[in-house]
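Here are the chains, one letter per residue:
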Amino acid sequence: MITPGDPAAPAADAQGMTVVARTQAQLVRRRFFRHRAAMISLVVFALLLILSFSATGIGPIPGWWKHDYTTVGSVVEGGSPTLSVVPTFLGGDGMHLGDHPFGQDNKGIDYFALTMRGTQVSIMIAFIVGALGTLLGVLIGAAAGFFRGWTETILMRFTDIIIVMPLLAIVSVLANRVGNAGPFWLAVVIALFTWTGLARIVRGEFLSLREKEFIEAARAVGTPAWRIIRKHILPNTIGVIVVSATLSIAGAVLLETALSFLGFGVKPPDTSLGRLISDYQSAFASRPWLFFWPGLFIVLIALTVNFIGDGLRDAFDPRQNKVRS
Amino acid sequence: MLAFIVRRLVVSAGVLLAGTFLAYCLVALSGDPLARLRQDNTPGVEDRIAEMTDRLNLDTPVPLRYLQWLGSASKCLVPFAAECDLGQSVRGQDVTFLLGNAVSSTLQLITVATFTAMIVGVIVGIVTALRQYSRLDYATTLASFFFVSLPLFWFAVLLKQYVAIDLNDWLADPTVSLPAAAIVGVISGLIWASAIGGDRRRVWISFGIAFAATAGALLILSASGWFASPGLGPVVVTVVGGAAALGLTALLAGFRYRHVLYAALATAAVGAILNLALDQVLSDPSYLTLIGLLLLAVAIAGGVGYALGGLQRKQAIQTSIGVAVIMSVTIFIDRMLSAWGNYFDAVDGRVVATFGSRTPNYDGGTWGNLLDTATHLLLPTIALILVSVATYSRYTRASMLEVMNQDYVRTARSKGLTERTVIVRHAFRNGLIPITTLMAFDVAGLMGGAVITETVFAWQGMGFMFVTALRDVDPNPAMAFFLVTGLAAVVFNMLADIAYAYLDPRIRLS
Amino acid sequence: MTTPTPDDPFRDPRSMGAAGSDPLDVPAAAPTEEIGPDERAHLGHLGLSRVGAEELLRVEDLHVDFPTDDGVVRAVRGVSYSLNAGEVLGIVGESGSGKSVSSMAVLGLLPKSARIRGSIRFRGDDVLGMSQPAQRSLRGRRIAMIFQDPMTAMNPVHTIGDQLAEAVLSHELMPRRKAMARAEEALALVGIPQPKTRLRSYPHEFSGGMRQRAMIAMAIINSPDVIIADEPTTALDVTVQAQILEKLIEVKDAVGAAIVLITHDLGVVAGMAHRVLVMYAGRAVEIGETDEVFYNARMPYTAGLLGSIPSLEAQDASRLRPIKGAPPSLINLPTGCPFSPRCPLATDICREQEPALLPTDSMGHVAACHHWDELAGVDDPTAFFRSESEASR
């Protein structure tokens, strides 16, 4: 009788394929660049970012657009948009921007400048929320998942408490107060309530990773806890974190605009895309463009960021290596 | 199981207590109710400040004020006690009074939205999972991304401005033109063809049938003036019952053995007969009668399934009950539409409502009032469920794809089960498990969404009350909102947990 | 190995369960009765010269390709074998050698994206050309499968009894009560204590070994002609492995089935199989009677596998002689013999020409090697894999 034992790995893969070795980063990058929707979205979003930030300028740096988003001017042709995209040979007015491509509001303020400023503010808030919320989520989730015991119980119950309350409502309560302090503080307040989902995910990842052999090996040789987290666990959760951070940016844009629409978000004189829609909602019948432009930009931002997040998820998800038809 | 529920209850109560405390502090922090009065210089303002301070208990420190609020709020838990007290608004109204109407109309909105979103989302998710990488799959993926990225408030305003007005204008003279019917037909053909799938021949056949049926139906309905006075009538009810019998049998049992089919068809026949026989009862029933009739229908269907099911009794009962429920819903819609003409005149032809939750001073009997509620629910529900439908469908699709790759599905196939049994019995049941968790989250999301939807559509519910309270710096109504939404979240979490335990035997013991 | 005796109550597959009340069972079960008890006893022993034994399954030139993002994975490249009634055929190979894929193709369980060519015949009927319902009525009824991991192969939300009864009910219409009785009988047969109460248990309430027993019960409940066991013991404890294998042989004889035993464990094959098929890189590289293949390996890969087994009889640990390197990518196969990069006997011809599966020096023993005669010339073929340190000693 021959004793069992075989050089082959015990796990027999049904499809049984061996693929050329690539590093994890290479694989992720390759899969992401192959995700067509994500690539298109990345380009569109980058253009949007450049357009909005360069048009009205950042802080003291002036933008290239001739009008300012606060300057009141004379209303030309009822303030309708001068943008034309239909070429002359198709019977249109030719492709040109005109003086007020997105039109003007009832006070004669250039609406392109306003929309660009609104986009800028909304994107800024969304990025701060994304960064801060991710940081909070990772910290809380990591602490709960790694230390277990009382730390975990307290942190997770706290997470439950925040999840129980409707996000939009609880943020409204605080945002209403801090909205006057400027977009930055509004972003901070939103971030204070948007970390919960990620914290739960990170905790779950930590719980499963800390049982893995390589972590036990690291612990066995006396590696300090923070080093295990930083060097061994975090790199393995990076995919989940990156994807969640991206998607939280899309969520933050929608949340901030909704808050501003209700009047609890960005306060005048500053503006945001939600604020614009709220301000000009009543002008809908007479000047629909005042309503459409900011909405279009919100959809563009949220849609592109969501697609980028989806591309990242596909890229990080090893299950994507499965056989496809 | 009982211990599990009790433990969940205790934990949930703790979470709810802590949540309300946090919300109370935040609401107290969010603004000073007296700010407006302090700027007021009219004589006697001091009295008013003192009076409001006393009414809102403002000179008590916040934590203590919370305890007092909690103390009086907890009396609401005692059944039939008139002492239920959630404080007063800045205008001196009892919050319990304000809450009364708001809760019921918001619950109406949320319940309809939850069930619609769940049913539509899960069905779309399953179909797209089974047709992975098809055109339908790509189209719904794209659509769901679009829905998730759509700002709710913007979409709600669009619905209100365009859909309501255009639909009402069209209803004034409802005719479907030939091109319009053709376009709708093509869309329906594309959807059916890609959902049914198969080889090229089958795709073209299903496209053709769906196109002809849809476009034809639209033109015939238009020509016969159906859109001007819609209704189903006993013939349609019978046809729907027969179709439901065939469809559900195909889904739940297959046609290899006929017992289930006979039971389902018998149920449909009984339903059609009862629809005619109960004409008197159904002309203006009370809500209680309606519920009783539904229960009766289910009971009869169960009996028919039991009697005719033979060796497939269990499946026969399930299928028959399914047929009975579908028929009841059809009869319900049929009866509701019977009030159309009356209602149309009462609202001057502006049938699709954009304001509030019911037409003031309108009483059209049971069916008229139900129709009134339905027309008011239409647009807010559509606005509210877009995100939820997208989430449910994405989640279901992912979950089903995951499950379809599991070893036990392969085992099920290796036993020689039909593809239908593999999907319905093995994949679907397991695929549903993660959906239950989603349900709890989604209800909290819908509550938040209701804040926006109710604001846009002036729906006098909780969300509307909350926004008004926040604008007026009115802490008690705002707090009532958090209490109710927190309760709802906890209750739905519990329901999700119980559903989870029911679906997954692995956690029953723990 | 137990040999069925004529008085074995389970010799006739139809004596099991409620088959008597089953009108559908009669025609399909009839052919098994052609093998008389004497013949069966004869077959049970060594499986040599199985003249007159009925051929159940014949796989000819089976190819399976999977298109992936990285290219076409050629998982199976022209495998042929046959299986006779009552026989145990061992299929041995490393992970990814195509052994599981080829048997899943027999049951029609491969994903839709798989491209299958060649022919699979069950009792002479072309399985690949069959209609879906016809294929389905084979699955679980005539050809059953036991999977590797009993932890994941059973549906966690249905009871064991339901999952067993379902296998019966999907092929025959009968009262649930009767199907449950069959399930109970099957559980008793595989040695699960208190089968009646165990019917109501969920898979998670069973231990790994118990679950694998239940899997076996599920496979034999319809008295199939062929059981495909895909690494049935790999996921189990060593002590449990032996019990399960013994039980598998026992119930195989009870229901009169043939077994295709897929494994990477040569020990399992040696103890159970009549014949062995060795697979490498999607092809069969050696087929023969078990003893022939084990004692007179005619393909260096087989020799290498044998040399990789630690043995108690060996005096020192250095006798372990592993095969160096890893199996080739099934997307870009090297030209010539796919084993040539790892083969100590490889010459230029090996790197240019893939050897065909040809007869060797003994009857019914075929191998795919240009140099099989070199192996025939030495006493211990594993010596070719001797490491340098060992050789220099």
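Residues numbered from 1 in each chain as written. Chains lettered and ligands numbered in written order. Predicted model: local features only at pLDDT ≥ 70, side-chain atom pairs only at ≥ 80, totals over all residues. Heavy atoms only, no water.

1. A look at the overall build of chain C
Looking only at helices and strands, chain C has 15 helices and twelve strands in total. Split into buried and exposed, the 393 residues of chain C put 59% on the buried side. Long-range pairs, those at least 24 residues apart, make up 67% of the contacts in chain C with a sequence separation of at least 6. Split by element, the accessible area of chain C, about 15300 Å² in all, is 53% carbon and sulfur. (Helix = DSSP H or I, 4+ residues; strand = E, 2+ residues; numbered from the N terminus. Buried < 20%, exposed > 50% of the residue type's maximum accessible area, 1.4 Å probe, protein only. Contact = heavy atoms within 4.5 Å. Areas by Shrake-Rupley, 256 points an atom, 1.4 Å probe, with all protein chains shown as cover.)

2. Brief notes about the packing of helix H2 (residues 36-56) of chain A against helix H3 (residues 111-147) of chain A
Residue and element names in this part refer to chain A. Contact pair H2 / H3: the axes reach a minimum separation of 8 Å and the direction vectors enclose 120°. Our classification of the angle between H2 and H3 gives oblique. By crossing handedness, the relation of H2 to H3 is classed as left-handed. Note on element contacts: H3 touches H2 through Phe112, Ala113, Met116, Arg117, Thr119, Gln120, Ile123, Met124 and Phe127, opposite Phe45, Leu49, Leu51, Ser52, Phe53, Ala55 and Thr56. Looking at the contact of H2 with H3 residue by residue, the classes come out as eleven nonpolar, four polar and one charged. (Axes fitted to C-alpha atoms, helices over the stretch in contact; angles between N-to-C directions. Parallel < 35°, antiparallel > 145°, perpendicular 65-115°, else oblique. Left-handed = near helix turned anticlockwise from the far one by under 90°. Nonpolar A, V, L, I, M, F, W, Y, C, P; charged D, E, K, R; others polar.)

3. Remarks on the pattern of salt bridges
Here the structure, examined in full by the defined rule, presents 34 salt bridges over all chains. A salt bridge links Asp137(B) to Arg397(B), with the shortest nitrogen-to-oxygen separation between them at 2.8 Å. Of the two residues, Asp137(B) sits in helix H6 (residues 135-149) while Arg397(B) sits in helix H16 (residues 365-404), which places them 260 residues apart along the sequence. Using a relative accessible area of 2% as the deciding quantity, one classes Asp137(B) as buried. By sharing partners, the salt bridges in this structure join Glu54(C), Arg123(C), Arg142(C) and Asp225(C) into a single network. (Salt bridge = Lys/Arg side-chain N within 4 Å of Asp/Glu carboxyl O.)

4. Notes on the interface of chain B and chain C
The interface is formed by 26 residues belonging to chain B together with 33 residues belonging to chain C. When the buried area of chain B at its contact with chain C is split by residue, Leu311(B), Arg410(B) and Lys415(B) rank highest and sum to 23% of it. Our count for the chain B to chain C interface comes out at two salt bridges. Here Lys415(B) and Glu166(C) are joined by a salt bridge, their closest N and O atoms 2.9 Å apart. Run the count over chain B and chain C and you get 14 residue pairs in polar contact (both at pLDDT 80 or more). Taken together, the elements giving at least two residues each to the side of chain B that touches chain C come down to helix H17 (407-414) and helix H18 (419-456) of chain B. (Buried area = accessible area lost by both parts, 1.4 Å probe. Polar contact = N/O pair within 3.5 Å; in protein donor to acceptor, adjacent residues only side chain to side chain.)

5. Re the nonpolar core
Grouped together as the largest cluster of nonpolar side chains are 177 residues, with contacts concentrated most on Val171(A), Phe466(B) and Phe482(B). Per element, the largest residue contribution to this core is 14 residues, and it comes from H16(B). Residues within four places of Val171(A) in sequence aside, it is in contact with Val189(A), Ile190(A), Phe193(A), Leu255(A) and Leu259(A). Ranked by size, the runner-up nonpolar core spans 117 residues in total, among them Val76(C), Ala153(C), Ile309(C) and Phe385(C). (Core = buried A, V, L, I, M, F, W, Y, C linked by side-chain atoms within 4.5 Å.)

6. As for the interface of chain B and chain A
You'll often see interface size given as the accessible area lost when the parts meet. Facing 45 residues of chain B, the contacting portion of chain A comprises 44 residues. Here chain B meets chain A over a buried area of about 3900 Å², counting both sides, of which 78% is carbon and sulfur. Considering only the surface of chain B that becomes buried against chain A, Phe145(B), Phe153(B) and Trp154(B) emerge as the three largest contributors, covering 17% of it. Inspection of the region where chain B meets chain A yields zero salt bridges. Remark: the boundary between chain B and chain A carries four residue pairs in polar contact (both at pLDDT 80 or more).

7. Remarks on the side chain of Ser222(B)
Residues and elements named next belong to chain B. With respect to the helices and strands, Ser222 occurs in helix H9 (residues 200-223). With relative accessibility at 11%, the residue Ser222 sits in the buried group. Within the local environment of Ser222, its side chain forms a polar contact with the backbone nitrogen of Val176, the two atoms lying 2.9 Å apart. The residues contacting Ser222, other than those within four sequence positions of it, are Thr175, Val176 and Phe227.

8. Some thoughts on the packing of helix H6 (residues 183-194) of chain A against helix H9 (residues 225-262) of chain A
Residues and elements named next belong to chain A. As a packed pair, H6 and H9 sit with axes 11 Å apart at the nearest point and diverge in direction by 120°. Compared by their axis directions, H6 and H9 come out oblique. In this structure, H6 crosses over H9, and the sense of that crossing is right-handed. Touching Leu186, Ile190 and Thr194 of H6 are Leu255, Glu256 and Leu259, all from H9. A class-by-class count of the residues in the contact of H6 with H9 yields four nonpolar, one polar and one charged.

9. What to know about the confidence of the model for chain A
All names here are of chain A. Scored by pLDDT, chain A has a mean of 80; 84% of the residues are at 70 or more. Low confidence marks residues 1-19, where pLDDT is under 50. Its contacts with residues over four positions away, or in another chain, come to 46 contacts. For the stretch residues 320-325, pLDDT sits under 50, and the model shows 16 contacts to residues farther than four places along the chain or on other chains. (pLDDT = per-residue confidence, 0-100.)

10. Remarks on the sheet that holds strand S10 (residues 283-289) of chain C
Residues and elements named next belong to chain C. Spatially, eight strands are ordered S6-S7-S8-S3-S9-S10-S12-S11 in an open sheet, and the strand pairing comes out mixed. Among the strands making up the open sheet, the edge pair consists of strand S6 (143-146) and strand S11 (358-359). Bridge analysis of strand S7 (residues 226-230) against strand S8 (residues 258-263) gives five bridges, and the strand direction is parallel. Bridge pairing in S8 places Val226 opposite Ala258. Along the sheet, helix H8 (residues 208-220) contacts S6 and S7; its crossing angle with S6, the most-contacted strand, is approximately 175°. (Pairing = 2+ DSSP bridges.)

11. Notes on the sheet that holds strand S1 (residues 55-68) of chain C
Residues and elements named next belong to chain C. Strand order in the open sheet formed by four strands is S2-S1-S4-S5, with antiparallel pairing between adjacent strands. On the outer flanks of this sheet lie strand S2 (71-84) and strand S5 (125-126), each paired with one strand and no other. Two strands pair when backbone bridges link them, and S1 and strand S4 (residues 115-122) are joined in this way by seven bridges, in the antiparallel orientation. In the sheet register, Val59 faces S4, and the bridge partner there is Ile120.

12. A short note on unusual backbone geometry
Here Asn361(B), not a glycine, exhibits a phi torsion of approximately 60°, which is positive. Of note, Asn361(B) is situated in the loop between helix H15 (340-346) and H16. Classification of Asn361(B) by relative accessible area gives exposed; the value is 83%. Even without being a glycine, Glu231(C) presents a positive backbone phi close to 45°.

13. Describing the pairing of S6(C)
All names here are of chain C. Across the two faces of S6 the burial is the same, with Ile143 and Met145 and Ala144 and Ile146 all buried. By the bridge criterion, four bridges tie S6 to S7 in an arrangement that is parallel. Across the sheet, the residue bridging to Ile146 is Ala229, located in S7.

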